[in-house]
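# A structural walkthrough
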Amino acid sequence: MTKEQLLALNLTEDQVTAIIEDYGKNYVSKSQFNEKNDAYKQAKQEIENLTNDINTLSKANEANEALQQQIKDLQDAAQRRESDYLESIKTMKIDTAIAREVLEAGAMNTTILTGLLDRSKITYDNETITGIQEQIKSLKESDPYLFKQDSIKGVIPGGEATPKTDNGLTKEQFNKLSYKDRVALQEQDPDLYNELSHS
């Protein structure tokens, strides 16, 4: 209110002066209020802008973390594929070496002899494979009937007649074969199996 409006209320000059002084101390003018209000609105907008910037950065960081995880997953998958490939190559080379050694050893039945080899004792290191020949040598000593033998057919002097087949496997040796070995022999050489099983 203005001084004139206060005087119109039948207030004394001293009362009006005191009220005006009190206004100045305890009340904010409209212009001051508008100034403060505008500053508040500006500060509020700046806070909102900062919040939006923070949210945008957070989303970008989350997207970056997801991308980094995808890259890591792809790298891990590539390493697994390489490891599987190298392992398959190793297995193939060991299988090839076993097949060659079994064949050169003159196995009566390559399937049976291969199955008797302990793969855990076969090592592959820098293109060198060991543990096959040693096992075959041991089997030749313990189970010679598993291998072809260059022996003369007929009767051993002082012994009983023990007829042998063309590949060196005797009836007695056949009888010592396990069921699994007989099935393998039948699949590989049915004529030999029939000859021994019905003799």
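Heads up: the structure comes first, above all this text.
A brief look at the structure comes next. (Residues numbered from 1 in each chain as written. Predicted model: local features only at pLDDT ≥ 70, side-chain atom pairs only at ≥ 80, totals over all residues. Heavy atoms only, no water.)

### Points about the overall build of the protein
Selection rule: Numbering of helices and strands runs from the N terminus; a helix is a DSSP stretch of H or I covering at least four residues, while a strand is a stretch of E covering at least two. Between buried and exposed lies partly exposed: a residue is buried under 20% and exposed over 50% of the maximum accessible area for its type, with that area taken using a 1.4 Å probe on protein chains only. When checking whether two residues touch, look at their non-hydrogen atoms; a contact exists if any pair is within 4.5 Å. Values of accessible area rely on a 1.4 Å probe in the Shrake-Rupley scheme; residue burial ignores everything except the protein chains shown.
Scanning the protein for helices and strands turns up eight helices and two strands. Tracing the protein from N to C terminus, the helices and strands come up as α-α-α-α-β-β-α-α-α-α. Considering the protein as a whole, with its 199 residues, one finds that 20% of them fall into the buried category. Long-range contacts, defined here as pairs at least 24 residues apart, represent 49% of the contacts in the protein between residues at least 6 apart. In the form shown here, the protein has an accessible surface area of approximately 15300 Å², with 52% of it arising from carbon and sulfur atoms.

### Structural notes on the packing of helix α7 (residues 179–188) against helix α8 (residues 190–197)
In plain terms, the rule: Interaxial angles span 0 to 180 degrees and are taken between N-to-C directions of axes, which are lines fitted to C-alpha atoms, for helices over the stretch in contact. For classification purposes, an angle smaller than 35 degrees is called roughly parallel, one larger than 145 roughly antiparallel, one from 65 to 115 roughly perpendicular, and anything else oblique. Gly is placed with the polar residues, together with every amino acid not listed as nonpolar (Ala, Val, Leu, Ile, Met, Phe, Trp, Tyr, Cys and Pro) or charged (Asp, Glu, Lys and Arg).
Running from amino to carboxyl end, α7 crosses α8 at an angle of 125°, the nearest separation of the two axes being 5 Å. Judged by the angle between their axes, α7 and α8 are oblique. Of α8, the residues touching α7 (which contributes R182, L185, Q186, E187 and Q188) are P190, L192 and Y193. Of the residues contributing to the contact of α7 with α8, the split by class is four nonpolar, two polar and two charged.

### With respect to α7
Heads up, the rule is: The directions from the helix axis to the C-beta atoms form the arc being described.
Listing the buried residues of α7 in full gives D181, A184 and L185. Summarising the axial view, the buried residues of α7 lie within an arc of 100°, below the 170-degree limit, and thus occupy one face. Facing away from the buried side of α7, by more than 90 degrees, are the exposed residues Y179, K180 and E187. In this structure, the buried residues of α7 make contact with α4 (110–116), α6 (171–176) and α8.

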